[in-house]
Amino acid sequence: MKIYHNPRCSKSRQGLAILENSNSEFKIIKYLESSISEEELQNILNLLKMSPIDLVRKNESIWKEQYKGKVLSDNEIIAAMVEHPKLIERPIVVNNGKAIVGRPPEIIKTIL
């Protein structure tokens, strides 16, 4: 099991606490520190059964300043998230071939 985690995000910290309390083994991926590849992000999107635009944090200033209002392909959106990982919604938990965005964090319990 993996959690894509941003320690500065309260929802991500709440999601991490749920995993810690579950007594399950998991790996913490601080995706803002260690980059995420386009291939890895595409795999996460496939597990989430989401289109790239649905995983974008559209209120981030990077999105508003550089991408909002533009017509972008899925590949261009993925490239933007790889270049600016702050745009990726969080936390994301991957477990046994399934993935979920932990918003609200309690939904993480459904994937344990």
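Now for a look at the structure at hand. (Residues numbered from 1 in each chain as written. Predicted model: local features only at pLDDT ≥ 70, side-chain atom pairs only at ≥ 80, totals over all residues. Heavy atoms only, no water.)

To continue, consider the nonpolar core. In summary, soluble globular proteins display a tendency toward joint burial of nonpolar side chains. Counting residues in each nonpolar core, the largest one holds 22 residues, and the members touching the most others are Tyr4, Leu41, Leu55, Met81, Ile88 and Ile92. Sorting the residues of this core by element identifies α2 (38–48), α4 (74–83), β3 (92–95) and β4 (98–101) as the ones contributing at least two each. Among all residues touching leucine 41, those that are not within four sequence positions of it are Ile36, Leu55, Ile78, Met81, Val82 and Ile88. Membership of the second largest hydrophobic core comes to 8 residues, among which are Ile18, Leu19, Ile100 and Ile108. (Core = buried A, V, L, I, M, F, W, Y, C linked by side-chain atoms within 4.5 Å. Buried < 20%, exposed > 50% of the residue type's maximum accessible area, 1.4 Å probe, protein only. Helix = DSSP H or I, 4+ residues; strand = E, 2+ residues; numbered from the N terminus. Contact = heavy atoms within 4.5 Å.)

Turning to the pairing of β4, a few remarks are in order. Where β3 lies against β4, 4 bridges are found, and the strand directions are antiparallel. Each residue of the ladder has a partner; that of asparagine 95, found in β4, is lysine 98. Here β3 hands over to β4 after 2 residues, with asparagine 96 in that stretch at a positive phi of 50 degrees. (Pairing = 2+ DSSP bridges.)

What follows deals with the side chain of glutamate 60. Position of glutamate 60 relative to the elements: it lies in the loop between α2 and α3 (61–66). Only 3.1 Å separates the side chain of glutamate 60 from the side chain of arginine 57, close enough to count as a polar contact. The residues touching glutamate 60, leaving out its near neighbours within four places in the chain, are Lys86, Leu87 and Arg90. (Polar contact = N/O pair within 3.5 Å; in protein donor to acceptor, adjacent residues only side chain to side chain.)

So, about the environment of glutamate 40. Relative to the helices and strands, glutamate 40 resides in helix α2. It is 13 Å that separates the C-alpha atoms of glutamate 40 and isoleucine 88, two residues lying 48 residues apart in sequence. Discounting chain neighbours no more than four positions away, the residues touching glutamate 40 are Tyr4 and Ile29.

How two aromatic rings sit relative to each other is set out by the distance from centre to centre and by the angle between their planes. In the structure shown here, the tally under the stated rule is 1 aromatic pair. A centroid spacing of 5.4 Å and a plane angle of 25 degrees characterise the contact between tryptophan 63 and tyrosine 67, whose relative ring orientation is stacked. Considered together, tryptophan 63 and tyrosine 67 belong to a single accessibility category, that of buried residues. (Phe/Tyr/Trp six-rings, centres within 6.5 Å; stacked < 30°, edge-to-face > 60°.)

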